[in-house]
Amino acid sequence: MGSTFPDPITEKRNHNLLCAMATRELHHNSKKSATSTSSFAFCLLLSLICIASLFICFSLFRNGAASPSLTYTILPENSKNSNCNYTDGRWIYDPTVISPPRYDQTCKEIFKGWNCIANNKSNAVEILKWRWKPYGCDLPPFGPLRFLESFRDTSIGFVGDSLNRNMFVSLFCSLRQVSSEVKKWRPVGADRGFTFIKYNLTIAYHRTNLLARYGRWSASGNGDMLESLGYKEGYRIDVDLPEGTWAEAPSFHDILLFNTGHWWWAPSKFDPVKSPMLFFKNGVPVIPPIPPDAGLDMVLAHMVPFVEEQARPGALLYFRTQSPRHFEGGDWDQGGSCSRWQPLVTQEVEYLFSLKNNGTNIETRLVNEHLQRSLKGSSFKILDITHMSEFRADAHPSTAGGKRHDDCMHWCVPGLTDTWNDLFVAHLNKNRV
Ligand SMILES: *[C@@H]1O[C@H](CO)[C@@H](O)[C@H](O)[C@H]1NC(C)=O
Ligand SMILES: *[C@@H]1O[C@H](CO)[C@@H](O)[C@H](O)[C@H]1NC(C)=O
Ligand SMILES: *[C@@H]1O[C@H](CO)[C@@H](O)[C@H](O)[C@H]1NC(C)=O
Ligand SMILES: *[C@@H]1O[C@H](CO)[C@@H](O)[C@H](O)[C@H]1NC(C)=O
């Protein structure tokens with residue numbers, strides 16, 4: 001069952017890794033006289049430090065789990081946190097949680113592969129015992145009833161890939177738990193949508209992977225520009241055309257939350273050789289062809305002003321930052337896994353996500369750099385969930401996702417996306433005067 005202690009194998013691997021890195025560093029920094037003896041001695045020392053710190057961690061953890069002092073205290077939702085940096089914080093273990101606090105595995109909207117409780121993932125409930133604690137304030141679980149009441153006659157659209165659906169499901173289940181009169185419908189091209197009748201509050205999910213319209217492309221045989229450059233097959237992406245699934249969403253919803261990211265670094269779908277992304281603007285190919293990350297910038301440069309122009313007066317526009325994946329030992333199609341039973345520590349997070357390590361999940365922070373640049377000066381507010389989520393390697397469906405490969409990309413529901421919604425609601429409460 002879900003042990004809360006560090007997995008010794010992983011710890012050992014990380015320790016070896018640290019040693020390898022330290023050795024490399026030494027070789028790098030010192031002159032040729034830095035012999036392997038000195039790096040061996042250094043590693044030995046490092047090992048001792050590691051063992052000592054592990055020991056300290058264990059004892060701290062034991063004390064923590066037993067003492068109530070670590071238990072999360074919830075401040076009233078209306079306490080003034082106006083200057084709090086919600087991004088800057090840590091995960092705190094609350095052993096008093098024994099069952100899902102907001103909704104459970106019976107919520108019908110939960111996609112089967114994400115229902116970790118129903119799928120018997122051993123730490124499915126353990127995941128819910130960790131609470132995000134910003135250093136300067138608290139991020140309390142939002143109150144669903146209070147939310148329904150204060151956002152009467154409001155329509156909220158989630159626009160993006162399956163990770164936005166994951167968040168949408170969490171919000172739906174939280175609200176459905178306290179208000180069961182629900183009309184199911186699909187406003188303006190939505191993949192799914194619901195109105196909480198008593199409150200006339202609508203939430204909808206609009207599925208779109210790239211925000212821009214795209215489809216398969218193949219050479220027509222009449223010698224167009226791409227063909228003459230040797231392209232035969234690929235995907236045509238119109239950087240200036242919103243995908244039909246959400247094009248009407250900005251004029252319909254009062255609050256919008258966008259995301260895009262995973263599909264831009266997805267060589268298994270958009271294979272750079274066999275099925276590359278081919279960008280079109282004004283209906284003609286962008287020549288010379290540009291790589292996906294430059295295509296993302298172009299798409300954002302068109303979609304951001306499109307949404308701003310089409311949005312309803314007083315609409316609140318949000319862009320969510322990239323959700324991290326946690327594949328270790330290979331990518332999703334190379335046997336990568338995420339067998340973690342508690343959140344990562346800071347060093348592990350940096351090892352997995354630091355840009356200079358160029359690891360499997362490199363897209364996480366890269367996407368954010370593109371978003372930050374493209375959204376600067378726009379009327380979008382950024383919902384920054386990346387840093388808090390980078391720690392949560394334990395909160396993916398993993399082998400319980402019911403696929404051939406481990407799912408270290410989506411999140412168990414209930415789970416981490418409940419906290420994303422706490423953050424979202426905290427922002428909404430703050431920004432709606
Ligand atoms: C909030 O905290 C994060 C993480 O420490 C930091 O990167 C960011 O710059 C902070 N934001 C502000 C506005 O201070
Ligand atoms: C989970 O465990 C329950 C009870 O043991 C069992 O009935 C159910 O079939 C299991 N579900 C899966 C997906 O393995
Ligand atoms: C219900 O809410 C929508 C906004 O989502 C609003 O346009 C509409 O007027 C509301 N209906 C009633 C009956 O208040
Ligand atoms: C990063 O890693 C990928 C594959 O793992 C490799 O193709 C690429 O060249 C690397 N990039 C850099 C800058 O090292």
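Residues numbered from 1 in each chain as written. Chains lettered and ligands numbered in written order. Predicted model: local features only at pLDDT ≥ 70, side-chain atom pairs only at ≥ 80, totals over all residues.

### Observations regarding the overall build of the protein chain
In terms of regular secondary structure, the protein chain is built from eleven helices and 13 strands. By residue count, 38% of the 433 residues in the protein chain fall in the buried class. When contacts within the protein chain are restricted to residue pairs at least 6 apart in sequence, long-range pairs at least 24 apart make up 76% of them. (Helix = DSSP H or I, 4+ residues; strand = E, 2+ residues; numbered from the N terminus. Buried ≥ 20, exposed ≤ 12 C-beta atoms within 10 Å, placed from the backbone. Contact = placed C-beta atoms within 7 Å.)

### Overview of the site of ligand 1
Every residue lining ligand 1 is accounted for by Asn85, Thr87, Asp88 and His387. Its residues assigned to classes, the shell around ligand 1 comprises no nonpolar, three polar and one charged. (Near = placed C-beta within 6 Å. Nonpolar A, V, L, I, M, F, W, Y, C, P; charged D, E, K, R; others polar.)

### As for the packing of helix 7 (residues 292-310) against helix 9 (residues 363-375)
Close contact between helix 7 and helix 9 brings their axes to 10 Å; oriented N to C, the two are set at 35 degrees. As helix 7 runs across helix 9, the sense of the crossing is right-handed. For the pair formed by helix 7 and helix 9, the contact residues are Asp293, Leu296, Asp297, Leu300, Ala301 and Val304 on the first element and His370, Ser374 and Leu375 on the second. (Axes fitted to C-alpha atoms, helices over the stretch in contact; angles between N-to-C directions. Left-handed = near helix turned anticlockwise from the far one by under 90°.)

### Topic: the packing of helix 4 (residues 162-176) against helix 11 (residues 416-431)
One can describe the packing of helix 4 onto helix 11 by two numbers: an axis separation of 8 Å at closest approach and a directional angle of 80 degrees. The orientation of helix 4 relative to helix 11 falls into the category roughly perpendicular. When helix 4 is examined against helix 11, the residues Asn166, Met167, Ser170, Leu171 and Ser174 are found in contact with a partner set consisting of Thr417, Asp418, Trp420 and Asn421. A per-class count over the contact of helix 4 with helix 11 returns three nonpolar, five polar and one charged. (Parallel < 35°, antiparallel > 145°, perpendicular 65-115°, else oblique.)

### Side note on the sheet that holds strand 9 (residues 255-258)
The seven strands lie next to each other as 4-5-6-3-9-12-13, forming an open sheet whose pairing is mixed. Edge positions in the sheet fall to strand 4 (182-185) and strand 13 (381-383), since each has one partner strand and no second. Averaged over neighbouring strand pairs, the angle between their axes works out to 20 degrees when direction is ignored. (Pairing = 2+ DSSP bridges.)

### Digging into the sheet that holds strand 8 (residues 233-242)
In spatial order, the strands read 7-8-10-11; together these four strands make up an open sheet with mixed pairing. Of all the strands in the sheet, just strand 7 (212-218) and strand 11 (284-285) have a single pairing partner and so form its edges. Pairing analysis gives four bridges linking strand 8 to strand 10 (residues 277-281), with the strands arranged parallel. The residue of strand 10 that forms the bridge with Tyr235 is Met277. The sheet contacts of helix 7 involve strand 7, strand 8 and strand 10, and relative to strand 8 the element is tilted by about 25 degrees.

### A word on the pairing of strand 5 (residues 192-196)
Sheet analysis places strand 4 next to strand 5, joined by four bridges and oriented antiparallel. What sits directly across from Trp185, in strand 5, is Gly193. Linking strand 4 back to strand 5 in an antiparallel pair, the connection comprises six residues, with Val188 at a positive phi of about 30 degrees. As defined by bridge partners, strand 5 adjoins strand 6 (residues 201-207) across five bridges and the pair is classed as antiparallel. Among the inter-strand pairings, Thr195 is bridged to a residue of strand 6, identified as Thr202. Between strand 5 and the antiparallel strand that follows it, strand 6, lie four residues; Asn200 among them carries a positive phi value of about 50 degrees.

### Considering the environment of Cys338
Position of Cys338 relative to the elements: it lies in the loop between strand 12 (316-320) and helix 8 (346-353). Separated by 61 residues in sequence, Cys338 and Thr399 place their C-alpha atoms 8.5 Å apart.

### Some remarks on helix 11
Between its first and last C-alpha, helix 11 extends 23 Å over 16 residues, near the 22 Å set by a 1.5 Å rise per residue. Along helix 11, the residues that are buried comprise Leu416, Thr417, Asp418, Thr419, Trp420, Asn421, Asp422, Leu423, Phe424, Val425, Ala426 and Leu428. (Expected span 1.5 Å × (residues − 1).)

### Considerations on the confidence of the model for the protein chain
Across the protein chain, the average pLDDT comes to 86, with 81% of residues at or above 70. Counting interchain partners and residues more than four positions distant, the pLDDT-below-50 stretch residues 1-46 has 28 contacts. Here residues 48-79 is modelled with pLDDT under 50, and outside its nearest four sequence neighbours on either side it reaches 21 contacts, counting other chains as well. (pLDDT = per-residue confidence, 0-100.)

### Thoughts on unusual backbone geometry
Across the junction of Ile287 and Pro288, the peptide omega takes the value -5 degrees, indicating a cis bond. Val413 connects to Pro414 through a cis peptide bond whose omega is 0 degrees. Structurally, Pro414 can be placed in the loop between helix 10 (386-390) and helix 11. Look at Asp153: it is not a glycine, yet its phi comes out positive at around 50 degrees. Assignment of secondary structure puts Asp153 in the loop between helix 3 (144-150) and strand 3 (154-160). In this structure, Asn358 takes a positive phi of about 50 degrees despite not being glycine. One can find Asn358 in the loop between helix 8 and helix 9. Classification of Asn358 by C-beta neighbours within 10 Å gives exposed; the count is 7.

### With respect to the environment of Arg192
By the secondary structure assignment, Arg192 is in strand 5. On the neighbour-count criterion, Arg192 (19 C-beta atoms within 10 Å) is partly exposed. Taking the C-alpha atoms as reference points, Arg192 and Glu109, 83 residues apart in sequence, are found 9.8 Å from one another. Once you skip the residues sitting within four places of it in the chain, Arg192 turns out to touch Arg186, Ala204 and Tyr205.

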